[in-house]
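The residues making up each chain are set out below.
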Amino acid sequence: MTDGRAAKSMPVQILLVEDNPGDVRLTEEAFKQGRIENELHVVSDGAEALEYLYQRSEYADAPRPDLILLDLNLPRTDGTEVLEELKNDAELHSIPVIVLTSSRAEEDIATSYELHANAYLTKPVDPDEFIETVRTFEKFWFSVVRLPSERDQ
């Protein structure tokens, strides 16, 4: 994500919306091994994700994420609802959302793209493959892709 943030050595702010503690741990491990300085913020359900994004309650001082990793199968508010609300919000719609889920259902893939997800990744079952997927994604999104700077959004 070359938006000047890397040039200033500011950590990339990533919001991980994931209810599976094992997947959270693997994602944290993958980002720790990565080359991009980042701050990974984790929420465990869709309602908490919306609280974070709208900076409500305990998240009043939460940083705006540069990128969101979103599971679809979440308690309280599912990932599809989070994605739809996020992409319909004038202040938040420009934040890239990567769906990172175990679902291989064509309907979930189609719906995610219809709701303007930026990418859809299926979580590998094997832990080493999971870490490699996250690291490959990290390299692509933070080294190759160009996105508008925060002031342009």
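Note: the structure precedes this text.
Residues numbered from 1 in each chain as written. Predicted model: local features only at pLDDT ≥ 70, side-chain atom pairs only at ≥ 80, totals over all residues. Heavy atoms only, no water.

> Residues and numbers for the sheet that holds strand E2 (residues 38-43), please.
In space, the five strands of this open sheet follow the order E2-E1-E3-E4-E5, with parallel pairing throughout. Only two strands of the sheet have a single partner each, and these edge strands are E2 and strand E5 (119-122). For this sheet, the mean inter-axis angle between neighbouring strands, taken without regard to orientation, is 20°. Where strand E3 (residues 67-70) lies against strand E4 (residues 97-101), three bridges are found, and the strand directions are parallel. Across the sheet, residue isoleucine 68 finds its bridge partner in E4, namely valine 97. Lying on the sheet, helix H1 (residues 21-33) is in contact with strand E1 (12-17), E2 and E3; it crosses E2 at an angle near 175°. Relative to E2, helix H2 (residues 46-53) is tilted by about 130°, and along the sheet it contacts E1, E2 and E3. (Pairing = 2+ DSSP bridges. Helix = DSSP H or I, 4+ residues; strand = E, 2+ residues; numbered from the N terminus. Axes fitted to C-alpha atoms, helices over the stretch in contact; angles between N-to-C directions. Contact = heavy atoms within 4.5 Å.)

> Describe the environment of threonine 111, and please don't skip the residues or the numbers.
Tracing the sequence through the fold places threonine 111 in helix H4 (residues 106-114). Separated by 28 residues in sequence, threonine 111 and leucine 83 have C-alpha atoms that sit 10.0 Å apart.

> Mind laying out the packing of aromatic side chains, listing which residues take part and the relevant values?
Any pair of aromatic rings gets described here by the distance separating the centres and the angle formed by the planes. Summed over the entire model, instances satisfying the criterion amount to two aromatic pairs. Note on phenylalanine 31 and phenylalanine 137: the rings are 6.2 Å apart at their centroids and 80° apart in plane angle, and the pair reads as edge-to-face. On the criterion of sequence distance, the pair formed by phenylalanine 31 in helix H1 and phenylalanine 137 in helix H5 (residues 127-144) is long-range, its members being 106 residues apart. The pair phenylalanine 31 / phenylalanine 137 is uniform in exposure class, with both members buried. (Phe/Tyr/Trp six-rings, centres within 6.5 Å; stacked < 30°, edge-to-face > 60°. Buried < 20%, exposed > 50% of the residue type's maximum accessible area, 1.4 Å probe, protein only.)

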